Amino acid sequence: MSNNEIDVASHKQKSVSENGVDVINLSSYVAGKKIESDKILEVHSPYDNRIVGTVIQANCSHVQQAIEAALSGKSFSGKTGNILTRYERYSILEKARNIFLERKEEFAQLISAESGLAIREARYETNRAQDVFLFAAIEILNDDGQIFSCDITPNGKARKIFTLREPLSLAVCITPFNHPLNQVVHKILPAIAVGTPVILKPSEKTPLSAIRLTELLYEAGLPHYMLSTLLGPTNEIAEPLVKDPRVSIVSFTGSVAVGKHIATTAGYKKVILELGGNDPLIIMEDADIERAVFLAAEGSFRNSGQRCTAVKRILVHEKIKDEFIKKFAEKAKEYKCGDPSDPETRVGTVIDEAAAIYLEKVVKKSVEQGAKVIVGGNRKGALMEPTVIIDVPRNADMVVYESFGPLAPIMSFKDIDDAIALSNSTAYGLSSGVVTKNMEYALRFVRELNVGTVNINEVPGYRIERSPFGGIKDSGLGVKEGVIEAMKCFTFVKTFSLPW
Ligand code: NAP
């Protein structure tokens, strides 16, 4: 169920709910200061609906305070006294990383509780976040300038042109629920690494880990003007932030609908959009079947299928379809679905009951169109069983749009041309995986799939945290994230030249 507002009375740091479970009580922050407000957001577990935590919500006056605090942190009129040195930024992120390592389990528990993700997935997410800390800190130490000698043609001169990157004045970062911590670190750590102040607006469904991270960064010595974290109604927080002309970049990850809305309302500023996907795993007739089965299962069911790069369509060559389906159906049964806090659980809940009801609906609709459910298909509250569906028509909603959950729809194709056409037939273009031993096939897929990433013999979601990542078409504007690219996004390039 969605999280509700409650009255401010009895908002203490920690409390115990009616059924004896710990509740963590947090606050939005304006530049290091907890805010005062009479609006509190309750965060419920999608699994059993218990209250996991609460957050004091901000209002439009806090938006103004956060913007002013960020902009007054340093001067852009030639005075550079308050800009953090590379070493200072590195030291802050290194210290934060060390504190984070001590608190990884606390973060994992919080992620699992607020999102319903299985604890093993939440632990995996904290491992990824640890890498983001490491890569951002290391990258600060690398000089990012270029030098151009000007005497290289007959038209040249004895001069050199140099580039340097300067931080943007203020970034607004808006994140979704599906990787509550990882989405946040992938935006704010690169921004901090380059010295750009951030106002973070995390998902209201999973705000707790984001706020604990905010507190951790302050504790590690981050100057307070560098980060504000605000939760509150969209029309009071997110929309005014997106529109404000003093904000120089909006970095958004989330749904296509909201992303496109932001693109039309942000005005004259940089906009980074990382949006939805319905990534294929394409299995050719020469594939190692065991590997294909493993990748299909991991890609479809990990993180409850709620990854932008989850396998949302399994496309199998018709020659090996029957063998693949038989083995995959057996594999899918290994993905135990249930209590997210149980270490044996591999698939926790989806984000809320409404999301699970939507998944159930698209499965039923595809069955009406001729598809057949061979594993799973049942829903209990926000728990949706890992579900294998065969004979899915190419025009079923489940495969044309994004189905954000543990569904594995299987379709067959007759040859590589058909596979490429089918893969490219939707509005999305985020990532893809291909299982083949044939180099000619591999190269054709790399060239002809209209997506941001092609992973051969891997899941579409494979990446390291510093490699470029991002989609095209409705999945994004083709601007990449990943630590290194994100750091570039939060800067502008200044050039200067000298006689040489
Ligand atoms: P969402 O509904 O679009 O929400 C994302 C964020 O936008 C939330 O913080 C939300 O705030 C905020 N928001 C809502 N309306 C807004 C508005 N009018 N202006 C500004 N911000 C607004 O997405 P979601 O359901 O949380 O996340 C799932 C989606 O994210 C999926 O489509 C998934 O594919 C996509 N995703 C993409 C990537 C990628 O890298 N391409 C990665 C992960 C997820 P509230 O929570 O307060 O509503």
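Residues numbered from 1 in each chain as written. Predicted model: local features only at pLDDT ≥ 70, side-chain atom pairs only at ≥ 80, totals over all residues. Heavy atoms only, no water.

Some points on the state of the cysteines
Keep this limit in mind: Put simply, a disulfide is two cysteine sulfurs that come within 2.5 Å. Any residue under 20% of the maximum accessible area for its type is buried, any over 50% is exposed, and the rest in between are partly exposed; the area is computed with a 1.4 Å probe on protein chains only.
In total, this model carries 0 disulfides according to the counting rule given. Free of any disulfide, C489 has its nearest cysteine sulfur in C173, 10 Å distant. Residue classification places C489 among the buried residues on the basis of a relative accessible area of 9%.

Comments concerning the site of the ligand
Our working definition: Residues are labelled near a given molecule or strand when at least one of their non-hydrogen atoms is within 4 Å of it. What qualifies as a polar contact is a pair of N or O atoms within 3.5 Å, subject to a donor-acceptor requirement within protein and to the restriction that residues adjacent in sequence count only when both atoms come from side chains. All accessible-area figures derive from a Shrake-Rupley calculation using a 1.4 Å probe, and residue coverage is judged against the displayed protein chains alone. Only DSSP runs of H or I reaching four residues or more are called helices, and only runs of E reaching two or more are called strands; each is numbered from the N terminus.
Around the ligand sit 28 residues in total, of which T175, K201, S255, L275 and E402 are the nearest. For the ligand, an oxygen atom lies 2.8 Å from a polar atom in the backbone of T175. Bound to the protein, the ligand loses 87% of the 920 Å² it would expose on its own. Counting only elements with at least two residues in the shell around the ligand, the list comes to α6 (238-243), β13 (249-253) and α7 (256-265). In terms of residues, the shell around the ligand owes the most to one element, α7, which gives 3 residues.

A short note on the pairing of strand β15 (residues 279-283)
Selection rule: In short, DSSP must find at least two bridges between two strands for them to pair. By the criterion used throughout, a crossover qualifies as right-handed when its path from the first strand across the helix to the second strand runs clockwise, the strands pointing away from the viewer.
Among the 5 residues in β15, 5 count as buried, and that is most of the element. By the alternation rule, side chains of β15 split into D279, L281 and I283 and P280 and I282, which are all buried. Both β15 and strand β16 (residues 311-317) contribute to a ladder of 5 bridges, which runs parallel. Looking at β16, one finds that I282 is bridged to L315. Taking the sense of rotation as the criterion, the β-α-β connection linking β15, helix α8 (residues 289-301) and β16 turns out right-handed. Direction of pairing for β15 relative to strand β23 (residues 433-435): parallel, over a ladder of 3 bridges. Within β23, the position partnered with I283 by the bridge is V435.

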